[in-house]
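A closer look at the structure
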Amino acid sequence: MKYLTILFTLFIVLIIILADLGQLGFLKLLNQIPFADKIGHFVLYGILTLLLDLTLTRTLPHPSRKLTVLRIALILSLLIGLEEYSQQFFAKRTFDLVDLAFSYLGVFFFSWVAINKK
């Protein structure tokens, strides 16, 4: 699980870098589908959240699963907010509060899933 989490994190970072450079390639085609960008924010950040939650709750010796998941959600939310804000400084990107909202929805929904996973 740890390696999958690392690989998925690197995948997200690669997508962000390529988007900042305006080099998304075939992924740009997905943006032509209505709401694909919003769904992408929800799903990609949600999966990242779930992978981090499952990996860290299994490996960190912390008694409270909920506290660990909450901390992960808050840290990810901060990083996602900073990344969305930084888009203002790239010619090929645009800051979008709706994208940010869908990213946050993904983080909090998948955190809820992680907490309720038996």
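These numbers were taken from a predicted model, which means no experiment stands behind them.

Rules of the game
- Residues numbered from 1 in each chain as written.
- Predicted model: local features only at pLDDT ≥ 70, side-chain atom pairs only at ≥ 80, totals over all residues.
- Heavy atoms only, no water.
- Phe/Tyr/Trp six-rings, centres within 6.5 Å; stacked < 30°, edge-to-face > 60°.
- Buried < 20%, exposed > 50% of the residue type's maximum accessible area, 1.4 Å probe, protein only.
- Helix = DSSP H or I, 4+ residues; strand = E, 2+ residues; numbered from the N terminus.
- Expected span 1.5 Å × (residues − 1).
- Contact = heavy atoms within 4.5 Å.
- Salt bridge = Lys/Arg side-chain N within 4 Å of Asp/Glu carboxyl O.
- pLDDT = per-residue confidence, 0-100.

Turning our eyes to something else, we now look at the packing of aromatic side chains. Inspection of the entire model under this criterion finds 6 aromatic pairs. Ring geometry for Tyr 85 and Phe 89: centres 5.6 Å apart, planes at 75°, overall edge-to-face. Given the relative accessible area of 45%, Tyr 85 is considered partly exposed. Considering the side-chain rings of Phe 109 and Phe 110, the 5.3 Å spacing of their centres and the 90° angle between planes classify their relative orientation as edge-to-face. Members of the aromatic cluster, joined through ring pairs, are Phe 42, Phe 109, Phe 110 and Trp 112.

For helix 3 (residues 36–59), with 24 residues, the first-to-last C-alpha span of 34 Å sits near the 34 Å given by 1.5 Å per residue. The elements touched by buried residues of helix 3 are helix 1 (2–21), helix 4 (65–86) and helix 5 (97–116).

For the rest of this paragraph, the subject is the pattern of salt bridges. Any two side chains of opposite charge can pair, on the condition that their charged atoms come close. Enumeration over the complete set of coordinates arrives at 5 salt bridges. Taking the shortest distance from any N to any O, the salt bridge between Arg 93 and Asp 20 comes out at 2.5 Å. One end of the pair, Arg 93, is in the loop between helix 4 and helix 5; the other, Asp 20, is in helix 1, and 73 residues separate them in sequence. You can call Asp 20 buried: its relative accessible area is 16%. Across the pair Asp 37 and Lys 38 runs a salt bridge whose closest N-O atoms are separated by 3.6 Å. The structure contains a network of salt bridges with shared partners spanning Asp 37, Lys 38, Asp 96 and Asp 99.

Our next topic: the environment of Phe 109. Within the fold, Phe 109 resides in helix 5. Separated by 63 residues in sequence, Phe 109 and Gly 46 have C-alpha atoms that sit 7.2 Å apart.

This brings us to the confidence of the model for the protein. As a general rule, the predicted coordinates of low-pLDDT regions are not to be interpreted in detail. For the protein, per-residue confidence averages 91 on the pLDDT scale, and residues scoring 70 or more make up 99% of the total. Element-level pLDDT for the protein is lowest in helix 2 (residues 27–30), with a mean of 72, against a maximum mean of 96 in helix 5.

With respect to the secondary-structure elements, Gly 22 resides in the loop between helix 1 and helix 2. Classification of Gly 22 by relative accessible area gives partly exposed; the value is 22%. Residues Gly 22 and Ala 91, spaced 69 residues apart in sequence, show a C-alpha to C-alpha distance of 8.4 Å. With near-sequence residues (within four places) excluded, Gly 22 lies in contact with Lys 28 and Lys 92.

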